[in-house]
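Descriptive analysis of the structure
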Amino acid sequence: MASIGISIEPTARKKEEKQGDGVGAEARAPDQPNGRARSFHSRPLSTANTPRSRQSSPRNPIGSSSSYAPSNSFRFGVMERLGLVSGSKQRKRRLGKVWYRKRAKGVAVGAVGLLACFLVVNWWMLSRIQDSNHGFRYGFLRANSSTLSIREELIKLGKVKRPQKTIYAKLLAKAVHALAEGQNKPEPRELWVEPYLLASTWRPCADQRNWEPSGGDNGYIMVSANGGINQQRVAVCNAVAVTRLLNATLVVPKFLYSSVWRDPSQFGDIYQEEHFSNYLKPDIRIVKELPQELQSLDLEAIGSVVTDAEIMKEAKPSFYLKHILPILHRNRVVHFVGYGNRLSSDPIPFQLQRLRCRCNFHALKFVPKIQEAGALLLKRMRQNGRNLGPLDHYLVGPFSETKLKRKKGRSTKGSKFLALHLRFEIDMVAHSLCEFGGGDDERRELESYREIHFPALTQLKKTAKLQSPATLRAEGLCPLMPEETVLMLAALGFNRKTHMFLAGAHIYGGKSRLAVLTSLYPNLVTKESLLSSSEIQPFMNFSSQLAALDFIVGTAADAFAMTDSGSQLSSLVSGYRVYYGGGKMPTIRPNKRRLADIFLKNNTIEWKIFEGRVQKAVRQTKRVRARPVGRSVYRYPRCKECMCSTEEE
């Protein structure tokens, strides 16, 4: 178990200590065993750069450890015997005067040095404060800024030359103490189970059909989905529903290359095409490509290309019937380019909504290559245990059995583990318009990223008055930082022995930003650390396929924690856990606005009070309820279109 060292030196306290006149001001003595402060007068002067004549002790020159003291005493004894001095009293008086003058001179030099140090530190503090243009940074960070040193872990990480600055050093110190005291205590049972029996009354039923197959006679629909794997998955399911709505034939979807995700993977590289087509055959007709007579058409010239800009977000079925169906009748083909979340959640016909659920939870199966690697990850996360998870079969298919074949001997129970989706990648951080303590360097870096990837947001900042970073944070609109995440997990009761899987892409700030999380929870791993270089090599440079591995482990985990409820991956994972979990797959979905209010009391709140408030804020988000009107069925499948409740039977 890695040892953790935390040193906390509040800046505000430093400033108070150094505002004295240099002689009477008390200074801290961190090297003293009892940690007590001692005055400047009680501290021995440094002898490193002091002339030898200053090192002798005037009160006991013979007993002094200085090499000069014996020779000095010997010299005065000889002079006295020769009559050059008038006796021991005169000698002591003279020595006293010399010692007093030299000490006064030493004190003066020390005072000047202390004053110089104070001026330098004061200049540095002012320059740091002036780095920020926002009152939030000045008022909040100045009061809380401290240095969090996790030296052993930072040495292991190798890339961090200085301790990580954090605004939560006081709370983190309390968290370290609480984790150290409770590392042998059992974790609260509610962390690993759904807290409400009502969750077990819902069961999957989207596979039930109550209509005749569609002939797809009105033409062909082509879809080029944008975004990452999660946005693409939603787009595919929406396209399936629209195809049925328009009585059309769906061409196997294509995925656009994204400058953000940079993944050339196509549908067949991630999902099983044959299973997709066969499972949905009773619902819609699916083909691999357009008929030969339509392939030569210039779709843009004939007006068959429809972009996302031409379809309102959350468009109702009536929009497609009014504007898209006539194009199909006229040209026999429509190509949706950049298609995404362009079909409303409500109102929508019952069977059409059920078809979307059927596509998401039943028709989309990962290819064997991804399933095999996912099964291997699950096996290693469970410490090679023999027990299957309740969702393994749906996620990794036959590999759930082959990877966990029982050997002769006693069966071993797998370890429980928590999957954590830390949505703190640079795209999320940049788009949030929040600040995370990095000063001018951070602001310049994120602004440059926005100019390239979010030009519309950059232009909006220039033409409109947006909310300040302080307001965004207070409203809970900023992604949780790793420091805030580790405080939440510690307050909920996860101990240092908890096995954790970190899902997601590269964290903004790299390993140095994760140092707090990895130090307090040493059993935290990623897919990159669990798989060997040869095992993960087939997925490198394919971000969507890597995200599919995160999807499998996050969905199958004994508990899943998200840090941003708006994340597509978190939404899809939590929805999948609800649909197939049978009320046994808890998900931690924090209320960021309430957490932000708790974190603002970093300097004054006691740990027990902090624990209670965090637990209450998270507990309220676990309540079981049917899908709210207008919310996504992929995230909230507890509705009569997707799931059936035994209480209503």
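Described below are features of the structure shown in this document. (Residues numbered from 1 in each chain as written. Predicted model: local features only at pLDDT ≥ 70, side-chain atom pairs only at ≥ 80, totals over all residues. Heavy atoms only, no water.)

1. Focus: the pattern of salt bridges
Note the threshold: A pair is scored as a salt bridge if a Lys or Arg side-chain nitrogen falls within 4 Å of a carboxyl oxygen belonging to Asp or Glu. In this description a helix means any DSSP run of H or I spanning at least four residues, a strand means any run of E spanning at least two, and both kinds are numbered starting from the N terminus. Relative accessibility thresholds used throughout: buried, under 20% of the residue-type maximum; exposed, over 50%; partly exposed, between the two (1.4 Å probe, protein chains only).
Scanning the model with the defined rule gives 22 salt bridges in all. The closest approach of N and O atoms between Arg-380 and Glu-535, which form a salt bridge, is 2.8 Å. Of this pair, Arg-380 sits in helix α14 (residues 368–381) while Glu-535 sits in helix α24 (residues 533–536), and the two are 155 residues apart along the sequence. What makes Arg-380 partly exposed here is its relative accessible area of 28%. With a relative accessible area of 27%, Glu-535 lands in the partly exposed category. Taking the shortest distance from any N to any O, the salt bridge between Asp-392 and Arg-382 comes out at 2.6 Å. Placement of Asp-392 in helix α15 (residues 392–396) and of Arg-382 in the loop between α14 and α15 is noted, with a sequence separation of 10 residues between them. Residue Asp-392 shares its accessibility class with Arg-382, and that shared class is buried. Among the ionic contacts, a cluster of salt bridges with common partners joins Arg-209, Asp-283 and Arg-358.

2. Some points on the pairing of strand β13 (residues 499–503)
Let me state the cut-off plainly: For two strands to pair, DSSP has to find at least two bridges joining them.
Counting buried positions along β13 gives 4 out of 5 residues, so the element sits mostly inside the fold. Inspection of the sheet shows strand β12 (residues 417–421) paired to β13 by 5 bridges, in the parallel sense. What sits directly across from Leu-420, in β13, is Leu-502. Relative to strand β14 (residues 524–525), β13 is paired through 2 bridges, and the arrangement is parallel.

3. Here we look at the environment of Gly-340
Using the following cut-off: Should any heavy atoms of two residues lie within 4.5 Å, those residues are counted as being in contact.
As for its placement among the helices and strands, Gly-340 is situated in the loop between β11 (333–339) and α13 (350–363). Its relative accessible area of 7% is what places Gly-340 among the buried residues. In this structure, the C-alpha to C-alpha distance between Gly-340 and Lys-313, residues 27 residues apart in sequence, is 8.8 Å. Dropping the residues within four chain positions of it, Gly-340 is found in contact with Asn-226, Ala-235, Asn-238 and Asp-308.

4. Concerning empty space enclosed by the protein
What counts, and what does not: Only protein atoms enter the 1 Å grid used here. Points where a 1.4 Å probe fits but cannot escape make up a cavity, open sets with protein on both sides within 12 Å along at least five of seven lines make up a pocket, and a residue lines them when an atom lies within 4 Å of a point. Grid points are joined across faces, edges and corners, and a volume is the space filled by probe spheres set on the points. Residue classes follow a fixed rule: Ala, Val, Leu, Ile, Met, Phe, Trp, Tyr, Cys and Pro count as nonpolar, while Asp, Glu, Lys and Arg count as charged, and any other residue, Gly among them, counts as polar.
Applying the stated criterion across every chain yields a total of 6 cavities of 30 Å³ or more. Its volume calculated, the largest cavity comes out at about 100 Å³. Looking at the largest cavity, it is lined by 13 residues, and the ones nearest its centre are Arg-473, Glu-484, Lys-592, Ala-596 and Phe-599. For the lining of the largest cavity, the elements supplying multiple residues, two or more each, are α20 (469–474) and α27 (592–599). By residue number, the principal contributor to the lining of the largest cavity is α27, which donates 3 residues. Looking at the lining of the largest cavity residue by residue, the class counts come to 9 nonpolar, 1 polar and 3 charged.

5. Some details on helix α12 (residues 317–331)
Which entries qualify depends on this criterion: Here the expected length of a helix is defined as 1.5 Å per residue gap, with one fewer gap than residues. By definition, a residue's bend is the angle between the axes fitted to the seven residues ending there and the seven starting there.
The terminal C-alpha atoms of α12, which comprises 15 residues, lie 20 Å apart, in line with the 21 Å expected from a rise of 1.5 Å per residue. Largest kink in α12: about 40°, centred on Ile-324, with the proline Pro-326 one to four residues after it. By the burial criterion, the buried members of α12 are Pro-317, Phe-319, Tyr-320, Ile-324, Leu-325, Ile-327, Leu-328 and Asn-331. Against the buried residues of α12 lie β6 (220–225), α8 (229–245), β10 (305–307) and β11.

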